[in-house]
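# Chains, contacts and geometry: an overview
Take a look at the letters that make up each chain.
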Amino acid sequence: MYQLRGSLESLDDLTPALWDAGCTGMEERGDTLIAYFIDRCELPFDGAWLEADDTDWLAAYRASLHPVTIGRVTINPTGAALNVSADQIVIDLEPGLAFGTGQHETTRLAIDALQRLALRGKRVLDVGAGSGILGIVAEKLGAIVIGVDNDPQTVPVALENARRNASSASFQAGTLEAITETFDVLVCNLFAELHDALMPQYRLHLEPDGTLLLTGILAGTGQADAGERITWDTSSGRESLVTAALTREGLRLMRREQAGDWVLLEAKRSNA
Ligand SMILES: C[S@@+](CC[C@H](N)C(=O)[O-])C[C@H]1O[C@@H](n2cnc3c(N)ncnc32)[C@H](O)[C@@H]1O
């Protein structure tokens, strides 16, 4: 296991890189963040590798999860019965070693954005499905859903979550290149550099009036004025990389949402 000084919140900027390096779970212990890996690897951070102790770290990780409500959707990773109103969509989620519990801002931004779209009967592709959370939410909102993830270990987790929630969302291992169909909506919680690289593929997989939801993007720097209103310099951070790629591919930016340091961009494929 890899130990870094800080918390999930203070090290939020580093966590995507830890997941990408093969991290299988994280937990806070005192003033440190513990990231679990199957094998040691090179990490460009100021942390230390330690031998895992006998702690059941997966149980510890699970114990740190709590139900999250985003609009009409409640994600429940605890397994406990919840007392919610009848119109609430409750998704029971067992993330296992996959990302996607609803605790992270990026997942919550995407769930919020999915609820703003009229998804009934629409075809949705969940790119980087992880636990299957976004695909299952989209299916519960009426969409027909396929999810892909290039980490084959996530697929059984996502399929089991679909089964647990009586969802018809289907999940497969692979990347966008393996998918030949087009979709009304693509929802992609990855990171800015990958969005930049995948942008031509996103455009190819969108219907002419399709919607692209991109998150996992670090925001530009905020500047508070005297009235404490914050304006965002979107040319800093990773956001400008993604907005430039949208322009390059002829995709129109329609909306920007931010939670903490994270941004979601909603774009449309132009009809031209
Ligand atoms: C940040 S997690 C998002 C999980 C979930 N969709 C959510 O919003 O919580 C990103 C996921 O994308 C997958 N991924 C990374 N690069 C990918 C690629 N090129 N194609 C497909 N999936 C990819 C990772 O394996 C990981 O499961």
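Before any of the text, the structure's been laid out above.
### Notes on the sheet that holds strand β8 (residues 123–127)
The strand order β10-β9-β8-β11-β12-β16-β15 describes an open sheet built from 7 strands, whose pairing is mixed. The outermost strands of the open sheet, each flanked by one partner alone, are β10 (170–173) and β15 (251–259). Adjacent strand axes in the sheet meet at a mean angle of 15°, parallel and antiparallel pairs treated alike. Bridging between strand β9 (residues 144–149) and β10 involves 4 bridges; their strand directions are parallel. Bridge pairing in β10 links G147 to F171. Helix α3 (residues 105–116) rests against β11 (183–189), β12 (206–218), β15 and β16 (262–269) of the sheet, and its axis sits at about 35° to β16. Seen against the sheet, helix α5 (residues 154–164) touches β9 and β10 and runs at an angle of roughly 175° to β10.

### Thoughts on the pairing of strand β1 (residues 2–5)
If a strand is regular, its side chains alternate between the two faces of the sheet. Of the two faces of β1, only the one carrying Y2 and L4 is buried; Q3 and R5 on the other face are not. Where β1 lies against strand β3 (residues 32–36), 4 bridges are found, and the strand directions are antiparallel. The residue bridging Q3 from the neighbouring strand is I34, located in β3. Pairing of β1 with strand β4 (residues 48–49) involves 2 bridges; the strand directions are antiparallel. Across the sheet, the residue bridging to Q3 is A48, located in β4.

Definitions and cut-offs
- Residues numbered from 1 in each chain as written.
- Predicted model: local features only at pLDDT ≥ 70, side-chain atom pairs only at ≥ 80, totals over all residues.
- Heavy atoms only, no water.
- Pairing = 2+ DSSP bridges.
- Helix = DSSP H or I, 4+ residues; strand = E, 2+ residues; numbered from the N terminus.
- Axes fitted to C-alpha atoms, helices over the stretch in contact; angles between N-to-C directions.
- Contact = heavy atoms within 4.5 Å.
- Buried < 20%, exposed > 50% of the residue type's maximum accessible area, 1.4 Å probe, protein only.

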